[in-house]
Amino acid sequence: MALCEAARGGSSLLWPRVLLFGDSITQFSFQQGGWGASLADRLVRKCDVLNRGFSGYNTRWAKIILPRLIRKGDSLDRPAAVTIFFGANDSALKDENPKQHIPLNEYVANLKSMVQYLKSVDVPEDRIVLITPPPLGEAAWEQECLLQGCKLNRLNSVVGEYAGACLQVAQDCGIDVLDLWTLMQEDTQARSSRGQHPGSWLRLGWRPSEKFEN
């Protein structure tokens, strides 16, 4: 009823926007059954969920394009919430994947730079959420690398260092964080300890599986 009254009065019907900013894990999240699509479904008629995922991107490239996605001064550009979900590509091994690899200290600086930018364009800190990179299934990912004619170019232990750095950035900046790297592994270990099949959070060792999406 309220929507009909607003429409009769000539008012624009605008929903708050939730911006999902990240790499391929975000870009592909709107595929059937994806976590982004699931979030959009939960928030239907409450918020518009915008997918701003860029496959292959790391934080060095992400911080360059963020100001083109959100600008100060226009209320339509001011999202209700923003997720920043990078690290999967930054944590690639330098010797095997120098194009995407970002040194840990630069990863930290880039995350902080993006958080500070969002605050500067009036996105409140309680509406900014960092998401750590998820754990890597090394065996499955190595098989995928071999199929592509390259060596294993990521290690879960290294991804864990970037996840830890992401947690520290969130603490330093006073914002929320979702620690996927820990949560996924704890769930798998708990299921195994109960004698249950742990299932798999990831396809091909890296891409989110149906379990992740749900």
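Just so you know, these numbers come straight off a predicted model, no measurement behind them.

Some words on the pattern of salt bridges
Turning to step 1, where the next piece is worked out: Counted according to the given criterion, the structure contains three salt bridges.
Turning to step 2, where the next piece is worked out: The partner of Glu106 in a salt bridge is Arg60, with the nearest N and O atoms 2.7 Å apart. In this pair, Glu106 sits in helix α5 (residues 104-120) while Arg60 sits in helix α4 (residues 59-69), placing the two residues 46 residues apart along the sequence.
Turning to step 3, where the next piece is worked out: By relative accessible area, Glu106 is classed as partly exposed at 22%.

Description of the nonpolar core
Turning to step 1, where the next piece is worked out: Residues Ile84, Leu111, Met114, Leu118 and Leu130 are the most contacted members of the largest nonpolar core, which totals 28 residues.
Turning to step 2, where the next piece is worked out: Of all the secondary structure elements, the ones that give two or more residues to this core are β1 (17-22), α4, β3 (81-85), α5, β4 (128-131) and α7 (156-173).
Turning to step 3, where the next piece is worked out: If one sorts the elements of this core by residue count, α7 sits on top with seven residues.
Turning to step 4, where the next piece is worked out: Excluding residues that lie within four positions of it along the chain, Ile84 makes contacts with Phe21, Leu111, Met114, Val115, Leu118, Ile128, Val129, Leu130 and Ile131.

Re the pairing of β4
Regular strands place side chains that alternate from one sheet face to the opposite one.
Turning to step 1, where the next piece is worked out: Sheet topology places β3 next to β4; three bridges connect them, and they run parallel. The residue bridging Val82 from the neighbouring strand is Ile128, located in β4.
Turning to step 2, where the next piece is worked out: Handedness of the crossover joining β3 and β4 through α5 is recorded here as right-handed.
Turning to step 3, where the next piece is worked out: Bridge count for β4 against strand β5 (residues 176-178) is three bridges, and the pairing is parallel. Counted as the bridge partner of Ile131 is Leu178 from β5.

What about the environment of Ala92?
Turning to step 1, where the next piece is worked out: Tracing the backbone shows Ala92 in the loop between β3 and α5.
Turning to step 2, where the next piece is worked out: Linking Ala92 and Leu152, residues 60 residues apart in sequence, is a C-alpha distance of 9.5 Å.
Turning to step 3, where the next piece is worked out: When near neighbours in sequence (up to four residues on either side) are disregarded, Ala92 contacts Asn97, His101, Asn153 and Arg154.

Some remarks on the side chain of Asp179
Turning to step 1, where the next piece is worked out: Note that Asp179 resides in the loop between β5 and α8 (180-193).
Turning to step 2, where the next piece is worked out: Setting aside its immediate chain neighbours within four residues, Asp179 contacts Thr132 and Leu167.

Regarding the packing of α4 against α5
Turning to step 1, where the next piece is worked out: Interaxial distance between α4 and α5 falls to 9 Å at its minimum, and their mutual angle equals 15°. In this view, α4 runs roughly parallel relative to α5, as classed from their interaxial angle. When you trace α4 past α5, the crossing you get is left-handed. Together, Thr59, Arg60, Ala62, Lys63, Leu66 and Pro67 of α4 and Glu106, Tyr107, Asn110, Leu111, Ser113, Met114, Tyr117 and Leu118 of α5 make up the contact between the two elements.

Considerations on the confidence of the model for the protein chain
Low-pLDDT stretches of the model should not have their predicted coordinates read in fine detail.
Turning to step 1, where the next piece is worked out: Summing up the model confidence of the protein chain, the mean pLDDT is 84 and the portion of residues at 70 or higher is 80%.
Turning to step 2, where the next piece is worked out: Across the protein chain, the element-wise mean pLDDT spans from 50 in helix α9 (residues 210-213) up to 98 in β4.
Turning to step 3, where the next piece is worked out: pLDDT under 50 marks residues 195-199. Its contacts with residues more than four places away, or in other chains, come to seven contacts.

Quick look at the sheet that holds β4
Turning to step 1, where the next piece is worked out: Read from one edge of the open sheet, five strands run β2-β1-β3-β4-β5, paired in parallel fashion. Of all strands in the sheet, those with a lone pairing partner are β2 (48-53) and β5, marking the two edges. Strand-to-strand twist in this sheet, taken as the mean axis angle between neighbours without regard to direction, amounts to 20°.
Turning to step 2, where the next piece is worked out: Alignment of β1 against β2, held across six bridges, turns out to be parallel. Its bridge partner being in β2, Leu20 is matched across the sheet by Asn51.

Topic: unusual backbone geometry
Turning to step 1, where the next piece is worked out: Phi is positive for Arg45, close to 70°, though the residue is something other than glycine.
Turning to step 2, where the next piece is worked out: Relative to the assigned elements, Arg45 resides in the loop between α3 (35-42) and β2.
Turning to step 3, where the next piece is worked out: On the basis of relative accessible area, Arg45 is assigned to the exposed category, the value being 66%.
Turning to step 4, where the next piece is worked out: Phi is positive for Asp122, close to 70°, though the residue is something other than glycine.
Turning to step 5, where the next piece is worked out: With respect to the element layout, Asp122 can be found in the loop between α5 and β4.
Turning to step 6, where the next piece is worked out: According to the relative accessible area criterion, Asp122 is partly exposed, its value standing at 38%.

Reading the values: rules and limits
Residues numbered from 1 in each chain as written. Predicted model: local features only at pLDDT ≥ 70, side-chain atom pairs only at ≥ 80, totals over all residues. Heavy atoms only, no water. Salt bridge = Lys/Arg side-chain N within 4 Å of Asp/Glu carboxyl O. Helix = DSSP H or I, 4+ residues; strand = E, 2+ residues; numbered from the N terminus. Buried < 20%, exposed > 50% of the residue type's maximum accessible area, 1.4 Å probe, protein only. Core = buried A, V, L, I, M, F, W, Y, C linked by side-chain atoms within 4.5 Å. Contact = heavy atoms within 4.5 Å. Pairing = 2+ DSSP bridges. Right-handed = clockwise from strand over helix to strand, strands pointing away. Axes fitted to C-alpha atoms, helices over the stretch in contact; angles between N-to-C directions. Parallel < 35°, antiparallel > 145°, perpendicular 65-115°, else oblique. Left-handed = near helix turned anticlockwise from the far one by under 90°. pLDDT = per-residue confidence, 0-100.

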